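These are the residues of each chain, in order.
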Amino acid sequence: MATNVFKKYLSLLAFTAPAFVIYAIFLLYPTFSGMFYSLTDWNGLNQDYSFIGLGNFVELFKEDPDFLNSLWFTMKYVIFMLILQNGIALLLAVLIESRTRSKGLFRTLFFMPNMISTIISAFMWTFIFSQVLPQLAQKLAFSFLDQQWLGDPKFSFYSILIVSLWNGVGYMMIIYLAALQGVPKSLKEAAVIDGANAFQVLRNVVLPMITHAVTICFFLTLNGAFKVFEVVYGLTGGGPGRATQVITMNIYEEAFSNNFRYGYASAKSVVLFIIVLIFTLIQITVMKKKEVEA
């Protein structure tokens, strides 16, 4: 009996070992090495470095206003993305699911932007913001379109949101659609017979039954928004000035553009990791509680 159990676990280990080795090399090792280098003044090039303890962390909170500004901008972006991306994705999913025909067509149309690389999307929209919209404003008298979409700090934030939503809503919509298809029609029909309108059915019947999908989508949106880089890099490069610099761009600049302060950049990465971990744990705890209540 013991031999059979040992063989069973040995076979499981043999199947999982290659994946674990790759995971350890490309994720665990960089993570822990980054935590170590955050305590040093390593420049990323030389083999020599000095251990400075928490000096990098003290500097980034006391002497680095650019980091704090990028952190605030990232937090604002995360909040908008959580609300807008999930709200729009759920609305589209409900509208498509309610249709009796052409569901596949609309699913494809709204999911297609997700198949385009984020950096390519950013370059496409750069052309739209700088060339297409001003022409539309001039020829169709839509003056509200004639704005400095990428040069004005206020409008550049909205530009980043527009491109991010255009690129990511379709993926969340597919998850919500899959969850909506699992809601029994009999429950919705019973609610309608009892006098509930469409909004009441959605709020009291549908949403409690797709809480698991909401948890997944909120988790994906939260992590993706905190780690946003390509869309900002492609649209504004963090400008004008540093008005739209997200925390990942600040880390990138510190590591590769600002005297190669790799140890200092690693400290910023550790702070970002802790922030994402805290928000993720809070989000999962709250949403799991709601799943149990539902």
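Residues numbered from 1 in each chain as written. Predicted model: local features only at pLDDT ≥ 70, side-chain atom pairs only at ≥ 80, totals over all residues. Heavy atoms only, no water.

**Some thoughts on the overall build of the protein chain**
Stage number 1. Within the protein chain, the secondary structure is distributed over 12 helices and zero strands.
Stage number 2. Its helices and strands taken in sequence order, the protein chain reads α-α-α-α-α-α-α-α-α-α-α-α from the N to the C terminus.
Stage number 3. For the protein chain, the exposed surface amounts to about 17600 Å²; the carbon and sulfur share of it is 67%.
Stage number 4. For the protein chain, the distance from the average position of its 20 positive side-chain charges to the average position of its 16 negative side-chain charges is 13 Å. (Helix = DSSP H or I, 4+ residues; strand = E, 2+ residues; numbered from the N terminus. Areas by Shrake-Rupley, 256 points an atom, 1.4 Å probe, with all protein chains shown as cover. Lys, Arg positive; Asp, Glu negative; His and termini not counted. Charge placed at Lys NZ, Arg CZ, Asp CG, Glu CD.)

**Some remarks on the packing of aromatic side chains**
Stage number 1. For the structure on display, the rule yields 18 aromatic pairs.
Stage number 2. Centre to centre, the rings of Phe61 and Phe67 are 6.3 Å apart; their planes meet at 85°, and the pair counts as edge-to-face.
Stage number 3. Given a relative accessible area of 0%, Phe67 falls into the buried group.
Stage number 4. Ring geometry for Trp125 and Phe129: centres 5.4 Å apart, planes at 40°, overall tilted. Here Phe129 and Trp125 lie together in helix 5 (residues 118-139), a separation of four residues that amounts to about one turn. No difference in accessibility class separates Trp125 from Phe129, as the two residues are buried.
Stage number 5. Through successive ring pairs, a cluster of aromatic residues spans Phe36, Tyr37, Trp42, Tyr49 and Tyr262.
Stage number 6. The positively charged end of Lys76 is found above the aromatic ring belonging to Phe157, 4.5 Å away from the centroid. (Phe/Tyr/Trp six-rings, centres within 6.5 Å; stacked < 30°, edge-to-face > 60°. Buried < 20%, exposed > 50% of the residue type's maximum accessible area, 1.4 Å probe, protein only. Lys NZ or Arg CZ within 6 Å of the ring centre and 35° of its normal.)

**Concerning the packing of helix 6 (residues 153-180) against helix 9 (residues 211-226)**
Angle between the axes and distance between the axes: these two values describe a pair of packed helices.
Stage number 1. It is at 9 Å that the axes of helix 6 and helix 9 come closest, and there the two elements cross at 165°. Considering their axes alone, helix 6 and helix 9 lie roughly antiparallel with respect to each other. For helix 6 against helix 9, the interelement crossing comes out right-handed. Residues Tyr171, Met172, Ile175, Tyr176 and Ala179 of helix 6 pack against His212, Ala213, Val214, Ile216, Cys217, Phe218, Leu220 and Thr221 of helix 9.
Stage number 2. Looking at the contact of helix 6 with helix 9 residue by residue, the classes come out as 11 nonpolar, two polar and no charged. (Axes fitted to C-alpha atoms, helices over the stretch in contact; angles between N-to-C directions. Parallel < 35°, antiparallel > 145°, perpendicular 65-115°, else oblique. Left-handed = near helix turned anticlockwise from the far one by under 90°. Contact = heavy atoms within 4.5 Å. Nonpolar A, V, L, I, M, F, W, Y, C, P; charged D, E, K, R; others polar.)

**With respect to the confidence of the model for the protein chain**
Stage number 1. The predicted model of the protein chain has a mean per-residue pLDDT of 86, with 97% of residues at 70 or higher.
Stage number 2. Ranking the elements of the protein chain by mean pLDDT puts helix 7 (residues 185-193) last, at 82, and helix 3 (residues 65-97) first, at 93. (pLDDT = per-residue confidence, 0-100.)

**Remarks on the environment of Thr74**
Stage number 1. One can find Thr74 in helix 3.
Stage number 2. With relative accessibility at 0%, the residue Thr74 sits in the buried group.
Stage number 3. When the C-alpha positions of Thr74 and Ile88 are compared, they lie 20 Å apart, and in sequence the two are 14 residues distant.
Stage number 4. If we skip the residues at most four places from it in the chain, Thr74 touches Ala225, Phe226, Val246 and Ile247.
Stage number 5. Polar contacts involving the side chain of Thr74 include one to the main-chain amide nitrogen of Ile247, which spans 2.9 Å. (Polar contact = N/O pair within 3.5 Å; in protein donor to acceptor, adjacent residues only side chain to side chain.)

**A closer look at the nonpolar core**
Stage number 1. Judged by nonpolar contacts, the single largest core of 66 residues is most densely connected at Tyr77, Phe129, Tyr176, Ile210, Val231 and Leu235.
Stage number 2. For this core, the element with the most residues is helix 6, which contributes 14 residues.
Stage number 3. Those residues in contact with Tyr77 that lie beyond four places of it in its chain are Phe157, Ile160, Leu161, Ser164, Ala225, Val228 and Val231. (Core = buried A, V, L, I, M, F, W, Y, C linked by side-chain atoms within 4.5 Å.)

**Things to note about helix 11 (residues 247-256)**
Stage number 1. Taking burial as the measure, the 10 residues of helix 11 include seven buried ones, the bulk of the element.
Stage number 2. Ile247, Thr248, Met249, Asn250, Ile251, Glu254 and Ala255 are the residues of helix 11 that are buried.

**Thoughts on the side chain of Lys268**
Stage number 1. For Lys268, the position within the fold is in helix 12 (residues 262-293).
Stage number 2. Aside from chain neighbours lying at most four places away, what touches Lys268 is Leu60, Asp64, Phe67, Asn250, Ile251 and Glu254.

**Things to note about the pattern of salt bridges**
Stage number 1. As enumerated under the stated definition, the model contains six salt bridges in all.
Stage number 2. Between Glu59 and Arg261 there is a salt bridge, with the nearest N and O atoms lying 3.0 Å from each other. Here Glu59 is found in helix 2 (residues 55-62), whereas its partner Arg261 is found in the loop between helix 11 and helix 12, with 202 residues between them in sequence.
Stage number 3. The exposure class assigned to Arg261 is partly exposed, which follows from its relative accessible area of 27%.
Stage number 4. Across the pair Lys103 and Glu97 runs a salt bridge whose closest N-O atoms are separated by 3.8 Å.
Stage number 5. Look at Lys103 and you get partly exposed, because its relative accessible area is 24%. (Salt bridge = Lys/Arg side-chain N within 4 Å of Asp/Glu carboxyl O.)

**Notes on unusual backbone geometry**
Stage number 1. Gly239 connects to Pro240 through a cis peptide bond whose omega is 0°.
Stage number 2. Even without being a glycine, Ser102 presents a positive backbone phi close to 65°.
Stage number 3. Its location among the elements puts Ser102 in the loop between helix 3 and helix 4 (103-111).
Stage number 4. The exposure class assigned to Ser102 is partly exposed, which follows from its relative accessible area of 37%.

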